[in-house]
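Take a look at the letters that make up each chain.
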Amino acid sequence: MSWLETTREVMRRDQVFDLVRPAQSVSAGLDTRHGPILYLEDVTVSFDGFRALDELTLYIDDGELRCIIGPNGAGKSTMMDVITGRTRPDHGAAWFGQRLDLLRMDETEIARAGIGRKFQKPTVFPNHRVVENLELAMAGPRGVWSALGARLTGEGRDRIDSVLEEIGLGEAGHELAGKLSHGQKQWLEIGMLLMQNPRVLLVDEPVAGMTHQEMDRTAELLTRLAGRHSVVVVEHDMEFVRSIARQVTVLHQGAVLAEGSMDEVQSDPRVVEVYLGE
Amino acid sequence: MAANEITATRLIPQAPHRRLLHGDLGGRILLGILAAMIVVVPVLNLMVPADSPFHVSTYAVTLMGRYLCFALLALALDLVWGYCGILSLGHGAFFALGGYAMGMYLMRQIGDRGVYGDPVLPDFMVFLGWEKLPWFWYGFDHFWFAALMVLAVPGLLGFVFGWLAFRSRVTGVYLSIISQAMTYALMLAFFRNEMGFGGNNGLTDFKDILGFSISAPGTRVALFMASGLALGASYLICRTIVRSRLGRVVTAVRDAEPRTRSLGYRTDRYKLWVWTVSAMLSGLAGALYVPQVGIINPSEFSPLNSIEAVVWVAVGGRGTLYGAALGGALVNYAQTLLTAWLAELWLFVLGALFVAVTLFFPRGLVGLLRRRGDGS
Ligand SMILES: Nc1ncnc2c1ncn2[C@@H]1O[C@H](COP(=O)(O)OP(=O)(O)OP(=O)(O)O)[C@@H](O)[C@H]1O
Ligand SMILES: [Mg+2]
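Residues numbered from 1 in each chain as written. Chains lettered and ligands numbered in written order. Predicted model: local features only at pLDDT ≥ 70, side-chain atom pairs only at ≥ 80, totals over all residues. Heavy atoms only, no water.

**Student:** What should I look at first to understand the overall build of chain B in this one?
**Tutor:** Counting its secondary structure elements, chain B contains 14 helices and 4 strands. What you see for chain B is a C-alpha radius of gyration of 22 Å, in line with the 21 Å of a compact globule of 376 residues. By residue count, 52% of the 376 residues in chain B fall in the buried class. Summarising the internal contacts of chain B: among those between residues at least 6 apart in sequence, 77% fall at separations of at least 24. (Helix = DSSP H or I, 4+ residues; strand = E, 2+ residues; numbered from the N terminus. Rg over C-alpha atoms; globule rule 2.2 N^0.38 Å. Buried < 20%, exposed > 50% of the residue type's maximum accessible area, 1.4 Å probe, protein only. Contact = heavy atoms within 4.5 Å.)

Dropping the structure here:
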């Protein structure tokens, strides 16, 4: 942004400076009394004039398992970028519960407030052992000095144990994460999400590169998590989506094209057109 | 394999070992050698008569002391490069600043024994016709103050530089380049007489340190021992850091910074922390180096020095603390041997060494030794 734009931003009369607004405190907690835990309203993101998200409006309910599908380039990953603070929208609103304005929080604050994310390309820490990956993800203080003296408590160890069990990596706890198979890395990443103890899990393409068997286990894992957490799954594999989905949202060209159960969505002529038109 | 079977029953026996050097064979060997040197070398120098074949000359003692300082610089560099993935091409600047802080103390110890006999002003200031001591020379007549500055000045520069760079997410080759620019800019600045650090002559003609003659064998031995102790202590500090959860976060930043951030870690603060610690350790190395060579001048800021330090770490073994220290000492030892008969060729040798290590032994000497060990 050039300084001219910056100055213009400062001179705007339709909003007040951030410093005058009451500080929002994460500790005030989430307010989900009205149902949704995530609100996206009229979110627009453009890259050099190209609109990756175009006035996207989407609500995710507390505890639901939502699948998001859509052709390549529909804006699914960009949507997750907006929620996690990696990308700032040009305009629109993004709220976590009723109280937390995601657009005023940075990436680390959002993560600590309880939104966890698995990236499309699985990224674990290859030179750390599996248990260390989980330890790093464990909810807790994130400051530099506290990390210097941090010790794994018995409680923490139990938590790691139970997550290892849950993601089916019990035997591989002491292996270097870089040595795991592709599918195992995906699970480890989901495990790291769980260690964060998030309210919302954003899971981008969890079964890419998995065998059928592995896919079934992943489906089982994700359905088990819903209820305890809100889970948003982006996936291309229709069979997989069908096996877990209750509510499906179809994104196309940065906006919601259709929403409903898998059957409703699949019989929607506009959806059929988008997928066949590819 | 038996160990694996046991761990299968209880998955996380990784109760952090309280012993710092657990499983760190290389570190134990390094500290062992250091301890032995600190005891044996002084004896061989001070107590064994000069005509005995076991006598170690004062010249050799000082030479070894210098290698230890370079080892300490390599250790500090490895902390940021090997563990945090920040390739600094400007660590020589922190080393030189620590050296200048010590040099200023040594200058003020000269007192009225200088050529011009001014009780307060160092010779070069009298020569420039200055009337009084610049404010930033105040306090350097006290050793404790100078010792503080040895850590504080490089630490502060490191902090400010790191704060600006890491907050605006400057990484990779860009960071390397600006770190190089930093040391180059400092070199140009220190060349200027108006800066008040002796211009291109730098600071020299030191007389004594803490009241002891700087050229006396006893002082030389003491400086050597201090360098050894500093290296050992710094090794333990670095080891504490890399073994802590902080160290694991830092390595995570090296391997996948965006992922670390998405876990809620403010990665810029972690980088800033290790960077600043590393700058302070480099300053300490420079401060111990200067009284042993008897001079500090702006060429210590030369970009080449910083690049050489990177080669030491690469040769020794990036990402292992003892490997870096080993590289710092050995490469400089090799340089001393070689420059005796092919001084002009040294830089080519160094360059070739770097290329060879990068291509054939990416894990350095340590990697080579380990592979041997595994094979047998
Ligand atoms: N940083 C960026 N700069 C420029 N264009 C981008 C950037 N990020 C995403 N895009 C573009 O925005 C569009 C939406 O990308 P996005 O990654 O959100 O799609 P997606 O729905 O996740 O697709 P896929 O199924 O392939 O993962 C794409 O056309 C992409 O090229
Ligand atoms: Mg995507």
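**Student:** Is there a simple way to think about the packing of helix H7 (residues 182-195) of chain A against helix H8 (residues 212-225) of chain A in this case?
**Tutor:** Helix packing geometry: the angle between the two helix axes and the distance between the axes. All names here are of chain A. Interhelical geometry of H7 versus H8 gives an angle of 10° and a closest axis separation of 11 Å. Taken together, the axis directions place H7 and H8 in an arrangement best described as roughly parallel. Here H7 contributes Gly183, Trp187, Ile190 and Leu194 to the contact with H8, which in turn contributes Glu214, Arg217, Thr218, Leu221 and Leu225. Per-class residue counts for the contact of H7 with H8 are 5 nonpolar, 2 polar and 2 charged. (Axes fitted to C-alpha atoms, helices over the stretch in contact; angles between N-to-C directions. Parallel < 35°, antiparallel > 145°, perpendicular 65-115°, else oblique. Nonpolar A, V, L, I, M, F, W, Y, C, P; charged D, E, K, R; others polar.)

**Student:** Please clarify how the site of ligand 1 should be interpreted in this entry.
**Tutor:** Residues and elements named next belong to chain A. Surveying the vicinity of ligand 1 reveals 13 residues, the closest of which are Asn72, Lys76, Ser77, Thr78 and His236. At 2.8 Å, a side-chain N or O of asparagine 72 approaches an oxygen atom of ligand 1. Contact distances for ligand 1 include 2.5 Å between an oxygen atom and a side-chain N or O atom of threonine 78. Protein burial of ligand 1: of its 630 Å² of free accessible surface, 62% is covered by the chains. The leading source of residues in the shell around ligand 1 is helix H2 (residues 76-83), at 3 residues. Among the residues making up the shell around ligand 1, the classes are represented as 4 nonpolar, 7 polar and 2 charged. (Near = heavy atom within 4 Å. Polar contact = N/O pair within 3.5 Å; in protein donor to acceptor, adjacent residues only side chain to side chain. Areas by Shrake-Rupley, 256 points an atom, 1.4 Å probe, with all protein chains shown as cover.)

**Student:** Which parts of the structure should I look at to understand helix H6 (residues 154-166) of chain A?
**Tutor:** Every α-helix carries 3.6 residues per turn, so stepping three or four residues along brings you back to the same face. All names here are of chain A. The terminal C-alpha atoms of H6, which comprises 13 residues, lie 18 Å apart, in line with the 18 Å expected from a rise of 1.5 Å per residue. Those residues of H6 not exposed but buried are Gly156, Arg157, Ile160, Asp161, Val163 and Leu164. Tucked inside the fold, the buried residues of H6 contact helix H4 (130-137) and H7. (Expected span 1.5 Å × (residues − 1).)

**Student:** What exactly am I supposed to notice about the pairing of strand E1 (residues 36-47) of chain A here?
**Tutor:** Both faces of the sheet carry side chains from a regular strand, because those side chains alternate between them. Residues and elements named next belong to chain A. Of the pairings in the sheet, the one linking E1 to strand E2 (residues 50-61) comprises 8 bridges and is antiparallel in character. In the strand pairing of E2, proline 36 is matched with aspartate 61. Between E1 and E2, which follow one another and run antiparallel, lie 2 residues, and aspartate 48 among them has a positive phi close to 50°. (Pairing = 2+ DSSP bridges.)

**Student:** Sorry if this is basic, but what is going on with the packing of aromatic side chains here?
**Tutor:** Tallied over the full model, the rule gives 22 aromatic pairs over all chains. Pairing phenylalanine 166 of chain B with tryptophan 275 of chain B gives two aromatic rings, centres 5.8 Å apart and planes at 90°, and the pair type is edge-to-face. You can see phenylalanine 166 of chain B sitting in helix H6 (residues 143-167) and its partner tryptophan 275 of chain B sitting in helix H10 (residues 267-293), a full 109 residues away along the chain. Like phenylalanine 166 of chain B, the residue tryptophan 275 of chain B is buried in the burial classification. Where phenylalanine 190 of chain B meets phenylalanine 197 of chain B, the ring centres are 4.7 Å apart and the plane angle is 20°; that geometry is what we call stacked. Residue classification places phenylalanine 190 of chain B among the buried positions, given a relative accessible area of 4%. A residue is classified by how much of its surface remains accessible, and phenylalanine 197 of chain B, at 12% relative accessible area, is buried. Through a chain of ring-to-ring contacts, the aromatic side chains of Tyr100, Trp135, Phe136, Phe190, Phe197 and Phe301 of chain B assemble into a single cluster. A cation over a ring is seen here: arginine 142 of chain A above tyrosine 265 of chain B, with NZ or CZ 4.4 Å from the ring centre. Sitting over the ring of tryptophan 163 of chain B, arginine 167 of chain B keeps its end group 4.2 Å from the ring centre. (Phe/Tyr/Trp six-rings, centres within 6.5 Å; stacked < 30°, edge-to-face > 60°. Lys NZ or Arg CZ within 6 Å of the ring centre and 35° of its normal.)

**Student:** In this structure, what is going on with the interface of chain A and chain B? I would like to understand it.
**Tutor:** Often, the extent of an interface is quoted as the loss of accessible area upon association of its parts. Contact with chain A, which involves 41 residues of that partner, is made by 32 residues of chain B. If you sort the residues of chain A by the area they bury against chain B, Phe125, Leu136 and Val144 of chain A come out on top, with a joint share of 17%. Between chain A and chain B we count 6 salt bridges in total. Our enumeration of links across chain A and chain B arrives at 15 residue pairs in polar contact (both at pLDDT 80 or more). Its residues assigned to classes, the side of chain A that touches chain B shows 17 nonpolar, 8 polar and 16 charged. (Buried area = accessible area lost by both parts, 1.4 Å probe. Salt bridge = Lys/Arg side-chain N within 4 Å of Asp/Glu carboxyl O.)

**Student:** I keep staring at the coordination of the magnesium ion (ligand 2) and nothing clicks. Help me out?
**Tutor:** By definition of the ideal shapes, a tetrahedral metal site with four donors has angles of 109.5 degrees and an octahedral site with six donors has angles of 90 or 180 degrees. Around the magnesium ion (ligand 2), the protein contributes the donor atoms Ser77 of chain A (OG) and Gln120 of chain A (OE1), at 1.9 to 2.1 Å from the metal centre. One end of the pair, serine 77 of chain A, is in helix H2; the other, glutamine 120 of chain A, is in the loop between strand E6 (115-118) and H4, and 43 residues separate them in sequence. (Donors = N, O, S within 2.8 Å, 3.2 Å for Na, K, Ca; no water.)

**Student:** I would appreciate a short explanation of the confidence of the model for chain A in the present structure.
**Tutor:** Do not read the predicted coordinates in detail wherever pLDDT is low. Summarising the model, chain A shows a mean pLDDT of 88, and 90% of its residues fall at 70 or more. Of all the helices and strands in chain A, helix H1 (residues 3-11) of chain A carries the lowest mean pLDDT, 70, while H4 of chain A carries the highest, 96. (pLDDT = per-residue confidence, 0-100.)

**Student:** What is the right way to read the pairing of strand E10 (residues 255-260) of chain A from this model?
**Tutor:** Residues and elements named next belong to chain A. The pairing of strand E9 (residues 247-252) with E10 spans 5 bridges and is classified as antiparallel. Counted as the bridge partner of leucine 251 is valine 256 from E10. Hairpin remark: E9 followed by E10, antiparallel, with 2 residues in the connecting loop; positive phi at glutamine 253, about 50°.

**Student:** Help me out: how do you make sense of unusual backbone geometry in this one?
**Tutor:** Phi is mostly negative for residues that are not glycine, and the peptide bonds are mostly trans. Residue and element names in this part refer to chain A. We note that aspartate 48 has phi near 50°; this positive angle belongs to a residue other than glycine. A relative accessible area of 83% means that aspartate 48 is categorised as exposed. A positive phi is found at glutamine 253, a non-glycine position, where the angle reads about 50°. Judged by its relative accessible area of 58%, glutamine 253 is exposed.

**Student:** Hey, could you run me through the sheet that holds E9 of chain A in this one?
**Tutor:** What links the strands of a sheet is backbone hydrogen bonding, and the strands pair in either a parallel or an antiparallel sense. Residues and elements named next belong to chain A. Spatially, 6 strands are ordered E6-E7-E8-E3-E9-E10 in an open sheet, and the strand pairing comes out mixed. On the outer flanks of this sheet lie E6 and E10, each paired with one strand and no other. Within this sheet the neighbouring strands show an average axis-to-axis angle of 20°, counted without direction. Sheet analysis places strand E7 (residues 200-204) next to strand E8 (residues 230-234), joined by 5 bridges and oriented parallel. For leucine 201, the partnering residue across the bridge sits in E8 and is valine 231. Sitting on the sheet, H2 touches strand E3 (65-69), E6, E7, E8 and E9, and the angle it makes with E7 is about 150°.

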